[in-house]
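Examination of the molecular architecture
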Amino acid sequence: MPEQSNDYRVVVFGAGGVGKSSLVLRFVKGTFRESYIPTIEDTYRQVISCDKSICTLQITDTTGSHQFPAMQRLSISKGHAFILVYSITSRQSLEELKPIYEQICQIKGDIENIPIMLVGNKNDENQNREVENSEGEAMAKKWKCAFMETSAKTNHNVKELFQELLNLEKRRTVSLQIDGKKSKQQKRKEKLKGKCVVM
Amino acid sequence: MKPLEKLLKKPGSHLPVRPAAPPGQVPGPGSVPAPRRQSLSRPPASPEEPAGPAGPVPGGEGRWLELRPPEAPLRSPEDPSPGCDRDRDRDRDRDREPPSPEPPPAARCCCGCGCAPAAPAPPERLLAALLDRLPAAAHGRGCGAESLLDDIVLTHSLFLPTERFLQQLHQHFVLAAGSPPARWEEGSGLRRKRAVLAVLLHFLETYKGLLQEEESAGKVIKELYLLIMKDTSLYHELEDEILKLHQLVETVELKVADETPPPNKQVKPLFRHFRRIDSCLQTRVAFRGSDEIFCRVYMPDHSYVTIRSRLSASVQDILASVTEKLQYSEEQSTRGDALILVTMASSGEKAVLQPSEECVFTTLGINSHLFACTRDTFDSLVPLPEEIQVVPGDTEIHRAEPEDVANHLTAFHWELFRCIHELEFVDYVFHGERGRRETANLELLLQRCSEVQHWVGTELLLCEGLGKRAHLLKKLIKIAAICKQNQDMLSFYAIVIGLNNAAVSRLRLTWEKLPGKFKNLFRKFENLTDPCRNHKTYREVLAKMKPPLIPFVPLILKDLTFLHEGSKTLLDGLVNVEKLHCIAEKVRTVRKYRSRPLCLELEASPAQLQTKAYVRQLRVIDNQNLLFELSYKLEPGSQ
């Protein structure tokens, strides 16, 4: 039976339609679809290594709508690391991250030691870009967190995003690699990855 | 087996299978005139059942459905059984009568006056028979017509799908509008129309909110409504009724296929997955099949997706949403790796749900979860880790006053009880035979009942100190006592059953520490809930209570099940009207219990709100093995 306390919990926040689920599903399953299904709350689990032993990475994909403030608070208080996603094609979506960031600060207090990654997704849609890379970087600096642009569609920086996030964790050593052992899903994902090198 | 299930599973364990031979046997102390009931073994033309004032009624014999050959005459339209004065007495009598534990005799004169409730008739003729009688009721009131109307509206689905029932009603109206049969006297067409109107009104009033769920039925009603409106001029005397009809048709917001759907309904979280203080404090409103709810579906690795779905969604629909969410590729599903939906209890017990099953959400056990997996992975499924960390809890129960806990229990259970539509009782017992209508609210109440039972055990068994545990035991008995005072027999029963759980009752040391006064009190409670003689003690106590009250609902279902299984609905194509009547009577007791609002004075102080939130989202261990484990850890040697 998986031990609850041993889990490392990552929570993904962001406005509706920025691609939170796409990023998560690209990472977890290696798949991508154009269709949009609003998320309520999904959690995926993956085995990773943590302090040289095995633990479960729990990625919680949250809703983009603000319908459930109580659920949001609960996710924050339970989360160990956070991914804040906006779409580079929508300045509004970056704006909408502010209250979430503030709430994380409020609930977590000292955020120095908490891994947070600001993510500009959809960077394959350069022609519709509203938020420059530099603006994202500036915001990250202000928030004292890391920054990355990604594309779930082209699988750009997706795995790197999660790896980087775990590297930010200083209180324990967490890594996606489990020595010598790869799950079927991971293998499959890598196979897929080989097929679409857009970088 | 859980005590509740045990009770439900053995509907007849304490009952005679057939009405006992002694005629006129009546439960309860002589509150009813003797000839009220008769046994099957007696000849139909019993002297105890004098013919009604109208003289020998052909239907009088016809009621003996199971004895009569099928040529039992249908009550002819020329023979409207006139009113019977004793009817009202009968009603009064019946109110005093304890809920009937007896199976329905195949026939009985419900009022003992021989006024002939109604003859068994082929399904399609029964409505006509009802319509024939109704005009009499419109003037004189009285005779069984009103009661027959209610019987048929409540139970028609046993022999006729609602849609067909309405279509027939519609046909009768059309027929009355055309040339009436020659034997009809002047004005009989009008009379028939009025009767149709009366049936429709009663139907609408009874169904109300449920109709939004039945599109096809709604369509028929709309048509009939328009038809009635066409010749409103005929109903000068019935202006009030017409007005009522307008209002009813409006309030039920009949959904007709070609109309735009009503504005988006708010999603109602089913409380099991979303323990949220903000929503749990709100007054509960009834769930309907079209309501959208959230539900978590787990994967073998305990990942989960939350899907938004209609409460009535079929397993197939749920799986489609899950597949879509997981971006499960088509290649996978055609390879025979298609997903199946499984329910799994905290104990690890699992069952595969059939694709066609509907509204499964409310039928799950307390800590059961839905899993989606492939056939290959089914065997490897393991339950989610216990939600409750098995550490000595210091929950609200230790802080709160017993009065407050009891009152919040009663208040919440009253809300849940009120959410149940009368027809859910009928549908719950008969579903599977007829098109399934949702009985979600009833199921939620039953789920809650078993939740309270496990809550009692969970709290006690998570309490490590012996002294503290004995104190909590005393408190729980006190809570049961107050619930009983509140006439909340549901909470009362659930707590007593919970305390009787073998994992709890074996805690000898704890029980020994209980003050004598409370030991005696609990012994009394055990007597009251004793199922012997078909729950005689409880039924007697219940009969003395005045509404509002919350009955122990599982027993009502047991009675209904017995009524159902004890006699046939149709024999040789004739409807057993007596059975319908008995079932409707049972439903009417529920109506009576709820006829007055239950008001408890509850403060809204923060402490009270905390207790309220606690009571409304109990966290329980429903895994009996785990409860035993805890019990043995607490008192190893005890027996």
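As recorded in an unreviewed UniProt entry, chain B goes by the name Rap guanine nucleotide exchange factor like 1, listed as coming from Cyanoderma ruficeps.

An unreviewed UniProt entry annotates chain A as DIRAS family GTPase 2 of Cyanoderma ruficeps. What UniProt states about chain A under its Sequence similarities (unreviewed entry) heading is, verbatim, "Belongs to the small GTPase superfamily. Di-Ras family." Quoted verbatim from the Subcellular location (unreviewed entry) field of UniProt, the annotation for chain A is "Cell membrane".

**Side note on the overall build of chain B**
A count of helical and extended segments in chain B gives 26 helices and seven strands. When the 639 residues of chain B are sorted by exposure, 57% land in the buried category. Of the contacts formed within chain B by residues at least 6 apart in sequence, a portion of 76% connects residues at least 24 apart. Per element, the accessible surface of chain B, about 27,100 Å² overall, is 52% carbon and sulfur.

**Description of the overall build of chain A**
Within chain A, the regular secondary structure consists of seven helices and seven strands. Secondary structure of chain A in N-to-C order comes out as β-α-β-β-α-β-α-α-β-α-β-α-β-α. In chain A, once contacts between residues fewer than 6 apart in sequence are set aside, the share between residues at least 24 apart is 73%. Summing over all exposed atoms, chain A offers an accessible surface of approximately 9,600 Å²; the carbon and sulfur share of this is 50%.

**Brief notes about the environment of glycine 178 of chain B**
Residues and elements named next belong to chain B. Relative to the elements of secondary structure, glycine 178 occurs in the loop between helix H6 (162–177) and helix H7 (188–207). The exposure class of glycine 178 is partly exposed, given its relative accessible area of 36%. In the structure, glycine 178 is positioned 11 residues away from glycine 189 in sequence and 8.3 Å away in space, judged by C-alpha atoms.

**A look at the interface of chain A and chain B**
Taken together, the contact pairs 20 residues of chain A with 21 residues of chain B. Here chain A and chain B share an interface that buries about 2,100 Å² over both sides, 54% of which is from carbon and sulfur atoms. Three residues stand out in chain A for area buried against chain B, namely Arg33, Ile40 and Arg45 of chain A, and they jointly supply 26% of the buried area on that side. Applying the counting criterion to the chain A and chain B interface returns two salt bridges. Two residues, aspartate 42 of chain A and lysine 325 of chain B, come together in a salt bridge whose shortest N-O distance is 2.8 Å. Summed over the shared surface of chain A and chain B, the number is eight residue pairs in polar contact (both at pLDDT 80 or more). Of all the secondary structure elements, the ones that give two or more residues to the side of chain A that touches chain B are helix H1 (20–29), strand E2 (41–50) and helix H2 (69–78) of chain A. Sort the elements by how many residues they give to the side of chain A that touches chain B and E2 of chain A lands first, with five residues.

**Some words on the packing of aromatic side chains**
All names here are of chain B. Overall, the coordinates contain 15 aromatic pairs over all chains when judged by the stated rule. Judged by centre distance (4.9 Å) and plane angle (85 degrees), the ring pair of phenylalanine 492 and phenylalanine 525 falls under edge-to-face. Of this pair, phenylalanine 492 sits in helix H18 (residues 489–499) while phenylalanine 525 sits in helix H21 (residues 516–528); the two residues are 33 residues apart in sequence, bridging distant segments of the chain. Owing to a relative accessible area of 4%, phenylalanine 525 belongs among the buried residues under this scheme. Here a set of aromatic residues connected by ring pairs shows up, and it is made of Phe492, Tyr493, Phe525, Tyr538 and Phe552. Geometry around phenylalanine 378 places lysine 350 over its ring, the cationic atom sitting 5.0 Å from the centre. Geometry around tyrosine 632 places arginine 506 over its ring, the cationic atom sitting 3.9 Å from the centre.

**Regarding the state of the cysteines**
All names here are of chain A. According to the stated counting rule, one finds zero disulfides over all chains in the structure shown. Looking at cysteine 105, it has no disulfide partner, and the nearest cysteine sulfur is the one in cysteine 145, 9.5 Å off. For cysteine 105, a relative accessible area of 24% translates into the label partly exposed.

**Considering the packing of H6 of chain B against H7 of chain B**
Residue and element names in this part refer to chain B. One can describe the packing of H6 onto H7 by two numbers: an axis separation of 8 Å at closest approach and a directional angle of 155 degrees. Compared by their axis directions, H6 and H7 come out roughly antiparallel. Considering how the two elements wind past one another, H6 and H7 form a crossing that is left-handed. Residues Thr162, Phe165, Leu166, Leu169, His172, Phe173, Ala176 and Ala177 of H6 touch H7, and the partners they reach there are Gly189, Arg192, Lys193, Val196, Val199, Leu200, Phe203 and Tyr207. Residues of the contact of H6 with H7, tallied by class, amount to 11 nonpolar, three polar and two charged.

**Overview of the confidence of the model for chain B**
Interpretation of the predicted coordinates at a detailed level should be avoided for regions scoring low in pLDDT. Residues and elements named next belong to chain B. Counting all residues, the mean pLDDT for chain B is 76, and 69% of those residues have values of 70 or more. Across residues 137–141 the pLDDT falls below 50, and counting only partners more than four positions away or on other chains, this stretch makes four contacts in the model. Every residue in residues 255–264 scores below 50 in pLDDT, and together they form 10 contacts with partners more than four places removed in sequence or on other chains.

**A closer look at helix H11 (residues 315–325) of chain B**
Residues and elements named next belong to chain B. Listed as buried for H11 are Val315, Ile318, Leu319, Val322 and Lys325. Looking straight down H11, one finds that the buried residues subtend no more than 125 degrees of arc, so they occupy a single side. Note on H11: the residue one or two positions beyond its end, glutamine 327, has a positive phi of about 50 degrees.

**Describing helix H14 (residues 402–419) of chain B**
For H14 of chain B, spanning 18 residues, the distance from its first C-alpha to its last is 26 Å, which sits close to the expected 26 Å at 1.5 Å a residue. For H14 of chain B, a buried count of 16 out of 18 residues is recorded, marking the element as mostly surrounded by other parts of the structure.

**Section: the nonpolar core**
Core analysis: the largest hydrophobic core is formed by 125 residues, its most contacted members being Leu245, Phe425, Trp455 and Leu499 of chain B. In terms of domain composition, this core takes at least three residues from each of domain 1 (3–251) and domain 3 (396–550 + 598–634) of chain B. Excluding residues within four positions of it along the chain, tryptophan 455 of chain B makes contact with Ile397, Val405, Leu409, Leu476, Tyr614, Leu618 and Val620 of chain B. Judged by nonpolar contacts, the second largest core, of 55 residues, contains Val10 and Ile59 of chain A together with Ile318 and Leu370 of chain B.

**Overview of the pattern of salt bridges**
Enumeration according to the criterion identifies 24 salt bridges over all chains in this entry. Note that aspartate 7 of chain A and arginine 45 of chain A form a salt bridge whose closest N and O atoms lie 3.5 Å from each other. Of the two residues, aspartate 7 of chain A sits in the segment before strand E1 (8–14) while arginine 45 of chain A sits in strand E2, which places them 38 residues apart along the sequence. With a shortest N-O distance of 2.7 Å, aspartate 151 of chain B and arginine 588 of chain B are connected by a salt bridge. Highlighted residues: aspartate 151 of chain B in helix H5 (residues 145–155) and arginine 588 of chain B in helix H24 (residues 577–593), separated in sequence by 437 residues. On the basis of relative accessible area, aspartate 151 of chain B is assigned to the buried category, the value being 3%. Residue arginine 588 of chain B is classed as buried on the basis of its relative accessible area of 16%. It is possible to trace a salt-bridge network through shared partners that takes in Asp150, Asp151, Glu422, Glu585, Arg588 and Arg591 of chain B.

**Description of unusual backbone geometry**
Cis geometry marks the peptide bond from proline 547 of chain B to proline 548 of chain B; its omega dihedral reads 0 degrees. Relative to the elements of secondary structure, proline 548 of chain B occurs in the loop between helix H22 (532–544) and helix H23 (553–566).

**With respect to the packing of helix H16 (residues 440–461) of chain B against H18 of chain B**
Angle between the axes and distance between the axes are the two parameters that describe a pair of packed helices. Residues and elements named next belong to chain B. With their axes 8 Å apart at the nearest point, H16 and H18 run at an angle of 45 degrees to one another. Comparing their axes, H18 and H16 come out oblique. You can see that H16 and H18 cross each other, and the crossing is right-handed. Only Leu490, Ala494, Ile495, Ile497, Gly498 and Leu499 of H18 make contact with H16, whose side of the interface consists of Leu445, Cys449, Val452, Gln453, Val456 and Leu460.

**With respect to the environment of leucine 248 of chain B**
All names here are of chain B. Tracing the chain through its elements places leucine 248 in helix H9 (residues 239–251). Sequence spacing of leucine 248 and glutamate 205 is 43 residues, and the spatial spacing of their C-alpha atoms is 7.1 Å. In this structure leucine 248 touches Leu201, Leu204, Glu205 and Lys208, once residues within four positions along its chain are discounted.

The rules behind these values
- Residues numbered from 1 in each chain as written.
- Chains lettered and ligands numbered in written order.
- Predicted model: local features only at pLDDT ≥ 70, side-chain atom pairs only at ≥ 80, totals over all residues.
- Heavy atoms only, no water.
- UniProt positions renumbered as here; feature names shortened; annotations may be inferred.
- Helix = DSSP H or I, 4+ residues; strand = E, 2+ residues; numbered from the N terminus.
- Buried < 20%, exposed > 50% of the residue type's maximum accessible area, 1.4 Å probe, protein only.
- Contact = heavy atoms within 4.5 Å.
- Areas by Shrake-Rupley, 256 points an atom, 1.4 Å probe, with all protein chains shown as cover.
- Buried area = accessible area lost by both parts, 1.4 Å probe.
- Salt bridge = Lys/Arg side-chain N within 4 Å of Asp/Glu carboxyl O.
- Polar contact = N/O pair within 3.5 Å; in protein donor to acceptor, adjacent residues only side chain to side chain.
- Phe/Tyr/Trp six-rings, centres within 6.5 Å; stacked < 30°, edge-to-face > 60°.
- Lys NZ or Arg CZ within 6 Å of the ring centre and 35° of its normal.
- Disulfide = S-S within 2.5 Å.
- Axes fitted to C-alpha atoms, helices over the stretch in contact; angles between N-to-C directions.
- Parallel < 35°, antiparallel > 145°, perpendicular 65-115°, else oblique.
- Left-handed = near helix turned anticlockwise from the far one by under 90°.
- Nonpolar A, V, L, I, M, F, W, Y, C, P; charged D, E, K, R; others polar.
- pLDDT = per-residue confidence, 0-100.
- Arc of directions from axis to C-beta.
- Expected span 1.5 Å × (residues − 1).
- Core = buried A, V, L, I, M, F, W, Y, C linked by side-chain atoms within 4.5 Å.
- Domains from an automatic or database assignment.

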